[in-house]
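# Observations on chain architecture
Okay, here's what each chain looks like letter by letter:
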Amino acid sequence: MCNDKENSPSNFVNVDLKDHNDEGTIVTKPTWLHKIIPKSSYGYTNRQIKICCVFALVEFFAATVISIQAPFFPHVAASKGATSVEYGFVFGIFELSVFIMSPIFGAKMNSCDPKKVFNLGILTTGSCCLIFGFLNLLEDRVAFIASCLIVRMVEAVGDAAFVVASFTIIALEFPDSISTTFGTMETFYGLGMIGGPTIGGALYEVGGYSLPFSTMGALLLLSAFATYYILPELPSTQEKVTTSGLETFYLLKHPSIFITAYSIVATTAGVGFLHSTLEPQIDVIQPGLSKLVIGAVFILNGAVYALGAPTWGKLCDNVPQPKFFTLLGSVFNILGFIFIAPLLTITPNLWNICVGLVLFGLGLGSTLVSAFTQAMKDAVALGYPDDVATYGKVSGLWTSMTALGFFIGSVAGGVLLSMVGFQLGTVFVLGAQLLLVIMLLVNHYRCSRSNGKQKIQPLSPDPLSIINKEGRLDNDIRL
């Protein structure tokens, strides 16, 4: 947004109500969020600690379940006669389904109990994981691929449900440290994505195709039952209104939120691009490497993201405009891909790739964590109510854009690798990041000029008087 922190409408939304008692003394009435979440003098309350522990466990198991089949599923599918396009689409359909379903869950979050949505999502994801472990019994190629696609789509519905619900709960329960909490949860999700292929490969070697899915699916189901009893009941203080999933995308009509959404797509597209192209490139520049070494190279990017996410979150919580870290992350992303695929006379080598993946991991954390916080602040500052309905819409948008970026990057990577090769193909990612830098700088310049032209006006005696009865900002103060 273009306004300063001190004059931001989002600050007015959270300000305490003030009234006078019978003796004429001013009495502060806390907002509904502060009534629900009493702050402990030691930091997080016991309630918040309990929520963090539950989320950390579930985020790790869920990410493991999603990524567990990467090392062996292509081999199993090929043994049944499936082509690379067919089993590649089994991976891609997951992200496409998440992209479609996340806005729907985000828009419905105000009419649903986020805890129930969270638990049902985990239950669905874990059940599908168990079912996926028995699909190898189908010998027919068409039946096998079709069944895998159906199960992966249903699994994606469960994943979208619990991810959107978890982000909504974070915004609801941690209003003063959204970025820090979000970054911490992303650490466990990242560790699950890193550990999933390793755990899956090890269990496959021990017990064959079914063991990885039955083991991790059972653990996720157990965590679903545990969260039902451990996760505290969430408050229900707002009017429940049912809206369509398209309302989530209405946020994109605002330039600041559109740029934030684009930053998510452009960054995760880079991840998808590498997932579908990096392994063949490593085989070209250094043939004969073991799958273990190649797997270790892939871990670099995710490990840096997972370990750095809490730090980025803490930094974003302490600045009025987190989009600065979006810009910084884009610079890291550009530098990372310059190292991964140098376009000049420098010969690509494995060390260049490793350095580039580390830089890209830093940019990934900076961009994605700041984007979630910036979108939440911008939505409230634009006049959307500071409640669970807005949290759900923003969470759905973030999850949907992440999935869209993965899907676009994976598809574009496969096409570009076959048409122009890996090095020229990376121009796709570099171009997307350069466009993001230009958009951020232009938006900053536009906002600076807009703030410079604004006339200084005296503050209203009651800051909340600028908010109408529907909980939105009056039209004359919107930007």
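The following refers to the structure shown. (Residues numbered from 1 in each chain as written. Predicted model: local features only at pLDDT ≥ 70, side-chain atom pairs only at ≥ 80, totals over all residues. Heavy atoms only, no water.)

## Quick notes on the environment of Pro280
When you line up the elements, Pro280 lands in helix α11 (residues 255-285). A residue is classified by how much of its surface remains accessible, and Pro280, at 30% relative accessible area, is partly exposed. Each C-alpha atom of the pair Pro280 and Phe422 lies 8.8 Å from the other, and the pair is 142 residues apart in sequence. (Helix = DSSP H or I, 4+ residues; strand = E, 2+ residues; numbered from the N terminus. Buried < 20%, exposed > 50% of the residue type's maximum accessible area, 1.4 Å probe, protein only.)

## Thoughts on the packing of helix α3 (residues 46-67) against helix α6 (residues 114-132)
Following both chains from N to C, one finds α3 and α6 inclined at 30 degrees, their axes separated by 11 Å at the closest point. It follows that α3 is roughly parallel to α6 by the angle criterion. Crossing angle aside, the handedness with which α3 passes α6 is left-handed. Taking contact as the criterion, the partners of Val54, Phe55, Val58 and Val65 in α3 are, on α6, Phe118, Ile122, Thr125 and Cys129. (Axes fitted to C-alpha atoms, helices over the stretch in contact; angles between N-to-C directions. Parallel < 35°, antiparallel > 145°, perpendicular 65-115°, else oblique. Left-handed = near helix turned anticlockwise from the far one by under 90°. Contact = heavy atoms within 4.5 Å.)

## Some thoughts on the packing of α6 against helix α9 (residues 210-230)
Put simply, α6 and α9 touch, their axes get as near as 8 Å, and they point 160 degrees apart. Here α6 is positioned roughly antiparallel relative to α9, judged by the angle of their axes. Pair α6 / α9 crosses with left-handed handedness. Of the residues in α9, those touching α6 at Lys115, Phe118, Asn119, Ile122, Leu123, Thr125, Gly126, Ser127, Cys129, Leu130 and Phe132 are Phe213, Ser214, Gly217, Ala218, Leu220, Leu221, Ser223, Ala224, Phe225, Thr227 and Tyr228.

## Some words on empty space enclosed by the protein
In the structure shown here, the tally under the stated rule is 4 cavities of 30 Å³ or more. In this structure, the largest cavity spans a volume of roughly 60 Å³. Around the largest cavity sit Ser256, Ile259, Thr260, Ser263, Lys323, Thr326, Gln374, Leu440 and Asn443, which together line it. Those elements giving two or more residues to the lining of the largest cavity turn out to be α11, α13 (323-340) and α17 (427-453). In terms of residues, the lining of the largest cavity owes the most to one element, α11, which gives 4 residues. Taken together, the residues that form the lining of the largest cavity break down as 2 nonpolar, 6 polar and 1 charged. Taken as a whole, the second largest cavity encloses approximately 50 Å³ of empty space. Lining the second largest cavity we find Ile257, Thr260, Ala261, Ile264, Ala371, Phe372, Ala375, Val394, Leu397 and Trp398. For the lining of the second largest cavity, the secondary structure elements donating two or more residues are α11, α14 (350-381) and α15 (388-419). Sorting elements by how many residues they give to the lining of the second largest cavity places α11 first, with 4 residues. Of the residues that constitute the lining of the second largest cavity, the class distribution is 9 nonpolar, 1 polar and no charged. (1 Å grid on protein atoms, 1.4 Å probe; cavity = no way out; pocket = protein on both sides within 12 Å on 5 of 7 lines; lining within 4 Å. Points joined across faces, edges and corners; volume = space filled by probe spheres on them. Nonpolar A, V, L, I, M, F, W, Y, C, P; charged D, E, K, R; others polar.)

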